[in-house]
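Coordinates in review
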Amino acid sequence: MPSTTSHQARAKHVDKFMAFTISGGGLLIIGAVLAMLLFILKEAIPLFLPPQSKSMGMLQATRAGGAWVDESGKAIVLMSPTGGLKALRFPEGTPLPAPADGPALPWRSATALNARGESLVVGADGHLFLTRLTWSKPAGENDPAQWTLEPRWQGGLQLEQVPSEILHFRLMEGGGLGGDVSLRIVAQTPTGLVWTETSLEASSPVVAWKSIAYEPSLQPTAVVWSSDGKILFVGTREGQLVALDPESGRSLSSEGFGEPIQSLGFALGQQSLLVGGVQGKLAAYQRVRVNEVFKLQAFHSFPRLSGPVLGFQASQRDKRFLAWTASEMVVDHLTTERRMFAARLEGPGAAALAPRGDVILHANEATGALRLWSLDAPHPEISFGLLWGKTHYEGYEKPEYVWQSTGGADDFEPKFSLVPLVFGTLKGTLYAMLFAFPLAVLGALYTSQFATPRLKNAIKPTIEIMAALPSVVLGFLAGLVMAPLLERMAVEVFLYPFVVLLLSLLIAPFWGRLSLPFRNAFGNGREVLWMVPVLLVALMLTSTMGPWIERVVMGGSYRTWLQSALGVTYDQRNSLVVGFAMGFAVIPIIFTISEDALSSVPKSLTSASLACGASPWQTAWRIVLPTASPGIFSATMVGLGRAIGETMIVLMATGNTPVMDWSPFNGMRTLSANIAVEIPEAPLHGSLYRVLFLAAFLLFILTFVLNTVAELVRQRLRRRYESI
Amino acid sequence: MSRLTERFRQGGVFVWFSGTLLAFCLAMILSLVGYIVAKGMGYFWPSPLVQVQTTEGPVLGEITGHEPARREETEKIQFRVGNRDIYGQDFRWIPTAELGQPQYPKDALLIERLEYGPFIGRIASLSREGQQFATGPAALAEALQRLPEANRQRHHIQSIEKGEVGDLNRRIEKLRLSRRKVEASGDAAAQQALEAQVAALQTTYDQLQTSLETARAEAKAWTLNLQTADGKVKEWPLGSVVRVIPANDLTGLGKLGIYLSRLWEFVADDPRESNTEGGIFPAIFGTVMMVLVMSILVVPLGVITALYLREYAKQGWLVRAVRVAVNNLAGVPSIVFGVFGLGFFVYGLGGSIDKLFFAESLPTPTYGTGGILWASLTLALLTVPVVVVATEEALGAVARSQREASLAMGATKWQTLWNVVLPSATPGILTGLILAIARGAGEVAPLMLTGVVKLAPSMPLDGTFPFFHLDRKFMHLGFHIYDVGFQSPNSEAAKPMVFMAALLLLLVVVLLNLFALNLRRKLRERLGGSTF
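Worth saying up front: this structure is predicted, and the values here are computed from it rather than measured.

**Structural notes on the domain arrangement of chain A**
Residue and element names in this part refer to chain A.
- Each assigned domain of chain A is listed here: domain 1 (52–136 + 147–159 + 344–388) and domain 2 (419–488 + 568–721).
- Averaged C-alpha coordinates put domain 1 and domain 2 at centres separated by 61 Å.
- Counting residues at the interface gives four residues for domain 1 and four residues for domain 2.
- Of the residues belonging to the side of domain 1 that touches domain 2, the class tally is two nonpolar, one polar and one charged.

If you want it as structure tokens, here you go:
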């Protein structure tokens with residue numbers, strides 16, 4: 001029959017096709033699911049990639065004392081007392097228009113352009129000017145060829161005396177209404193250090209200098225203003241770093257540096273003072289309160305450079321900074337102390353870091369050669385040591401584990417230590433397991449060994465329902481019902497298990513005296529039911545005893561008692577609440593798997609034990625439990641996995657504060673809750689985003705390993721049962 | 001002494017002890033479920049309004065809490081006094097010592113309003129456009145009579161606002177986008193045609209607005225002059241009243257009517273007052289939609305994987321390892337799936353789709369932001385292991401003789417699978433699906449990253465082409481619980497709503513689970529075999 005053969009042929013084709021489709025599809029799906037891990041890892045890996053830098057080329061220009069580079073890396077500004085401000089386009093070297101509206105050339109002196117493109121200029125007539133670089137760009141025009149440099153000149157202040165060198169100045173914004181800007185200057189004169197504060201209005205009176213009466217033995221080499229303009233940081237030839245009150249000349253604090261200081265600077269935020277020595281030593285200091293006293297404290301050090309450190313420039317985006325000598329130039333990151341960039345130089349000169357910190361410029365003083373490098377380092381603030389070790393952050397007394405990913409200000413130093421989060425995860429898991437493990441395992445033992453079959457058939461579905469409770473419901477109850485209740489009745493809650501234990505111990509001997517037929521008819525295997533009224537009695541007992549104990553033993557209030565006797569504070573949403581709620585989520589998991597393992601212990605073993613005269617409990621405890629212990633271990637692993645990854649309960653039942661404290665009365669922040677809290681706000685592919693992916697990767701690996709171990713143990717146990 | 005030791009060794013005590021722990025577990029579960037049921041179900045039952053005399057004047061409200069005397073604090077009673085616009089808070093704790101004789105005034109009213117929570121007090125008079133219309137009991141009767149009409153009018157206005165106005169807005173927005181496209185191409189004629197269309201739509205829009213204005217003005221014509229127990233006066237438009245409940249003057253049937261009406265509002269209406277009042281229909285709808293899409297995705301994924309693993313793959317250590325790995329995915333925290341969903345689906349796939357097909361509306365993302373599709377896909381990944389495990393078990397349980405019979409008759413492998421194996425495995429697959437749905441419906445953490453919002457402006461399914469909007473954000477019961485309970489400014493007043501939402505979620509999840517587990521148990525009993 002030809003139709004049958006064609007039918008068969010078609011069936012064969014379909015069969016082949018389906019085999020192909022299902023195999024391909026199945027493999028694809030399995031591959032896709034497993035690729036999840038790789039994807040999460042892939043998103044986290046860029047955190048650890050080394051910074052990439054490359055030379056952008058060279059350009060011959062006129063010699064200059066100051067240099068500045070725009071964030072595009074295409075527009076360069078050079079400044080010299082003879083040539084004024086000149087703008088260039090890189091790499092062509094074509095000049096960009098710049099009106100010569102500043103003070104007449106040549107100038108007497110000019111400070112190097114700082115990171116924000118500001119400089120103080122003393123004109124030929126001895127007047128003082130402030131200039132700030134601004135560009136006039138046609139709307140939407142990104143090509144610097146079309147830009148015009150329009151420096152904003154302010155001042156024209158008459159100076160009482162022209163100093164030999166202006167060492168440092170600071171603009172103090174918003175002193176008065178309308179955001180008046182005042183200027184604080186520190187300068188060197190032949191007679192010593194002088195300072196002044198002046199407004200920038202051209203109508204201001206003649207600027208008079210106040211001399212600083214510092215200790216005559218000090219020979220200042222570098223001076224900078226603190227961020228609030230109230231303190232001068234002075235580096236000396238003797239290798240001392242001194243915080244000086246300019247009004248009185250009094251030293252507020254001082255600290256040895258170890259070699260003569262050559263230059264000073266600030267990292268972004270003006271909190272961290274960068275110090276460079278004559279022999280290339282590089283360190284960061286901060287003024288921090290230690291034991292109620294402000295102290296200068298060395299808190300970061302960086303690999304040594306060769307020769308005197310000529311200057312610093314900070315990125316305006318993060319905590320990286322540029323430092324250079326006559327022969328080399330580096331970019332280091334303050335927080336991680338990581339060297340992100342290093343290049344050799346052919347001589348002294350001016351250097352600049354673009355505002356975003358991704359372009360580096362060096363202008364050779366002697367030859368006028370300009371060299372540019374690009375630096376690609378998207379996550380400089382992350383290092384392995386920062387994630388897992390103690391780091392000394394700005395404003396902190398000592399190195400610590402801190403998680404604080406965002407702050408109010410742009411110059412905030414992000415703190416990405418995963419340690420407090422891992423700690424929180426472990427803490428929550430520990431309390432949950434402390435609560436869940438005994439309940440679940442002993443409950444399973446009872447169910448499998450002592451309960452009557454009918455009771456068993458009622459218990460198991462109830463526990464299964466418990467497993468199905470959505471964690472958001474548990475978290476809600478924990479946070480809004482249990483936490484206030486526990487706060488009100490902490491003593492009673494602590495008391496309750498002991499009372500229940502006591503009652504159950506009292507009942508057992510009494511029970512033993514009852515006649516055997518009665519016990520068999522009503523009790524054995526149904527102890528659970530008898531315990532329900534006992535639980536209620538215990539509830540009544542504790543609720544009367546609790547307030548009494550609190551009054552008599554704790555002197556009225558358990559919170560003050562905790563505070564005075566144990567020195568712990570009580571948070572409403574604390575680890576106990578989490579342990580309880582998360583334990584609730586874990587109990588059914590441990591219970592179900594343990595119960596399966598315990599019930600599957602071969603009957604031959606228990607019968608042999610009972611036949612030898614062991615009591616049911618002895619059989620259960622000495623024979624069944626040890627035999628099934630791998631199963632219980634496996635159950636615990638799965639339960640652990642669940643507790644580690646639980647998100648909603650922790651999110652709702654703790655205060656989510658990343659503290660590191662084992663106290664059960666404090667909250668915590670776990671890895672999972674941290675992801676839920678922070679990832680919606682994390683900018684795509686930013687450091688925070690990737691760190692959170694790293695946290696997710698950790699969770700994945702941790703739970704996957706736990707579950708795999710559990711599964712392998714269970715499989716081995718299954719084989720053992722079969723062989724018995 | 002030795003007898004005691006002997007008895008201790010025999011361990012009767014420990015049996016009791018372990019029994020106690022189990023009893024404690026069971027008591028916990030039952031009291032938890034019972035608590036939610038009691039709190040949730042009781043909330044809609046109208047409670048009496050109690051008036052008491054305190055040192056600061058009369059207080060009228062529902063009794064909502066009680067705190068016994070503890071430590072320095074005396075016994076206190078919590079009153080829900082309402083009138084948030086007048087008192088600034090909904091609740092007041094009053095020490096029992098200060099309470100006089102409680103009274104239940106017949107004329108006390110609980111007035112549910114669109115804003116500021118309920119008003120508790122009395123109606124002094126009813127006015128129309130400033131003219132007094134009725135006072136005292138007559139005003140109440142009149143108000144009760146006019147209320148249904150006012151409510152109907154309000155619903156009418158709302159439906160115009162949400163339906164026609166929203167629809168017009170969307171069409172104008174769409175035209176604006178195509179205009180941007182045309183502008184880029186520089187086709188002047190097409191541009192003009194589009195402008196004309198926009199103008200026409202704008203006219204319709206304006207007309208609609210004027211008719212809405214008149215309707216709104218009309219709704220405001222009738223106003224109630226309300227008076228609180230302590231004599232403060234408040235004028236309130238009848239159009240913004242939801243229900244007037246003479247709480248102390250109700251028969252049992254009347255209470256039941258209000259209970260049912262409130263329950264219906266809860267299930268079928270939109271939320272008000274940043275989700276703390278009104279209904280949760282969008283959340284229910286969003287949950288159902290998401291679970292549906294997830295089911296559509298998860299069944300083929302799970303079944304194909306299981307078929308491959310059990311029927312086509314060469315059984316060996318590799319397949320065993322893959323099986324263990326797939327099973328273990330069920331234990332990976334849901335938040336990790338959320339992170340993956342956010343990184344891969346939302347930013348990765350969604351971002352690419354936007355660049356390819358919705359470039360004109362960038363930088364506003366269409367698919368490159370959370371949405372129901374991405375949330376469902378993420379949950380499908382999360383629940384695939386459940387379906388795979390269940391399907392594999394079901395495939396394994398199909399009797400060998402059946403397959404062999406089919407193969408012996410000359411059927412191909414696929415024919416055997418399709419006609420013999422899969423039909424008998426269907427209940428098992430269904431069990432897996434139901435378990436997956438139960439798991440998916442209760443998950444919140446991954447959704448928070450992939451598309452759930454506290455208040456969605458429009459539903460994922462509506463009358464605008466293409467009717468089913470996979471890119472839209474949605475509301476979800478579980479997230480609703482989290483959001484209202486923990487993010488809401490007035491969480492004390494919203495608590496009963498949260499209990500009700502929790503009860504609903506619990507019911508759905510528990511019933512689904514019970515059903516699936518029963519089905520599984522029956523199947524296992526029929527087929528025999530151990531569970532461990």
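Text resumes after the structure shown.
**A closer look at helix α6 (residues 252–268) of chain B**
Residues and elements named next belong to chain B.
- With 17 residues, α6 ought to run about 24 Å at 1.5 Å a step, and its terminal C-alpha atoms sit 24 Å apart, in line with that.
- Listed in full, the buried residues belonging to α6 are Arg262, Glu265 and Phe266. Down the axis of α6, the buried set is contained in an arc of 100°. They therefore lie on one face. Facing away from the buried side of α6, by more than 90 degrees, are the exposed residues Gly252, Leu253, Leu260, Trp264 and Ala268.

**A short note on the sheet that holds strand β29 (residues 359–364) of chain A**
All names here are of chain A.
- Strand order across the open sheet formed by four strands is β1-β30-β29-β28, with antiparallel pairing between neighbours. The sheet is open, and its two edges are formed by β1 (52–60) and β28 (349–353), each paired on a single side. The sheet shows a mean angle of 15° between the axes of neighbouring strands, direction not considered.
- When β28 meets β29, the two strands line up antiparallel, connected through five bridges. Counted as the bridge partner of Ala351 is His362 from β29.

**Comments concerning the interface of chain A and chain B**
- With 90 residues of chain A in contact, the opposing surface of chain B contributes 80 residues.
- Taken together, the residues that form the side of chain A that touches chain B break down as 60 nonpolar, 21 polar and nine charged.

**Structural notes on the confidence of the model for chain B**
All names here are of chain B.
- Residues with a pLDDT of 70 or more make up 96% of chain B, whose mean pLDDT is 83.
- Mean pLDDT per element in chain B: helix α1 (residues 2–10) is the minimum at 65, and helix α13 (residues 445–450) is the maximum at 92.
- Prediction confidence for the complex, expressed as pTM and ipTM, is 0.89 and 0.88 respectively.

**Structural notes on the packing of helix α7 (residues 281–312) of chain B against helix α12 (residues 413–442) of chain B**
Residues and elements named next belong to chain B.
- Orientation of α7 relative to α12, taken along the N-to-C sense of each, is 135°, at an axis distance of 9 Å. When the interaxial angle is binned, α7 and α12 end up oblique. Crossing geometry of α7 relative to α12 is assigned as right-handed. On α12, the residues that touch Thr287, Val291, Met294, Ser295, Val298, Val299, Gly302, Val303 and Glu311 of α7 are Leu417, Ile429, Gly432, Leu433, Ala436, Ile437, Gly440 and Ala441.
- Class assignment for the residues of the contact of α7 with α12 results in 11 nonpolar, five polar and one charged.

**With respect to the nonpolar core**
- The biggest cluster of nonpolar side chains holds 203 residues, and the ones touching the most others in it are A:Ala478, A:Ala581, A:Ile590, A:Ile649, A:Ala696, B:Val339 and B:Ile481.
- One finds A:Leu183, A:Trp195, A:Val234 and A:Ala284 within the second-largest nonpolar core, a separate group that totals 94 residues.

**Focus: the packing of helix α10 (residues 372–397) of chain B against α12(B)**
All names here are of chain B.
- At a minimum axis distance of 8 Å, the contact between α10 and α12 shows a crossing angle of 150°. With respect to α12, the axis of α10 lies roughly antiparallel. Here the hand of the crossing between α10 and α12 comes out right-handed. Two secondary-structure elements touch here, α10 through Leu379, Thr383, Val386, Val387, Val389, Ala390, Thr391, Glu393, Ala394, Leu395 and Ala397 and α12 through Val421, Ala425, Gly428, Ile429, Thr431, Gly432, Leu433, Leu435, Ala436, Arg439 and Gly440.

**Side note on the sheet that holds strand β11 (residues 152–158) of chain A**
Residue and element names in this part refer to chain A.
- If you walk across this open sheet you meet the four strands as β6-β7-β8-β11, and the pairing is antiparallel. In this open sheet, the two edge strands, each paired with only one partner strand, are β6 (109–110) and β11.
- With six bridges connecting them, strand β8 (residues 127–132) and β11 associate as antiparallel partners. Residue pairing in the sheet places Phe129 in a bridge with Gly155 of β11.

**With respect to the confidence of the model for chain A**
- Counting all residues, the mean pLDDT for chain A is 86, and 97% of those residues have values of 70 or more.
- Averaged pLDDT values for the elements of chain A fall to 69 in helix α7 (residues 516–523) of chain A and rise to 94 in strand β21 (residues 273–277) of chain A.

About the criteria used
- Residues numbered from 1 in each chain as written.
- Chains lettered and ligands numbered in written order.
- Predicted model: local features only at pLDDT ≥ 70, side-chain atom pairs only at ≥ 80, totals over all residues.
- Domains from an automatic or database assignment.
- Contact = placed C-beta atoms within 7 Å.
- Nonpolar A, V, L, I, M, F, W, Y, C, P; charged D, E, K, R; others polar.
- Helix = DSSP H or I, 4+ residues; strand = E, 2+ residues; numbered from the N terminus.
- Expected span 1.5 Å × (residues − 1).
- Buried ≥ 20, exposed ≤ 12 C-beta atoms within 10 Å, placed from the backbone.
- Arc of directions from axis to C-beta.
- Pairing = 2+ DSSP bridges.
- Axes fitted to C-alpha atoms, helices over the stretch in contact; angles between N-to-C directions.
- pLDDT = per-residue confidence, 0-100.
- Parallel < 35°, antiparallel > 145°, perpendicular 65-115°, else oblique.
- Left-handed = near helix turned anticlockwise from the far one by under 90°.
- Core = buried A, V, L, I, M, F, W, Y, C linked by C-beta atoms within 7 Å.

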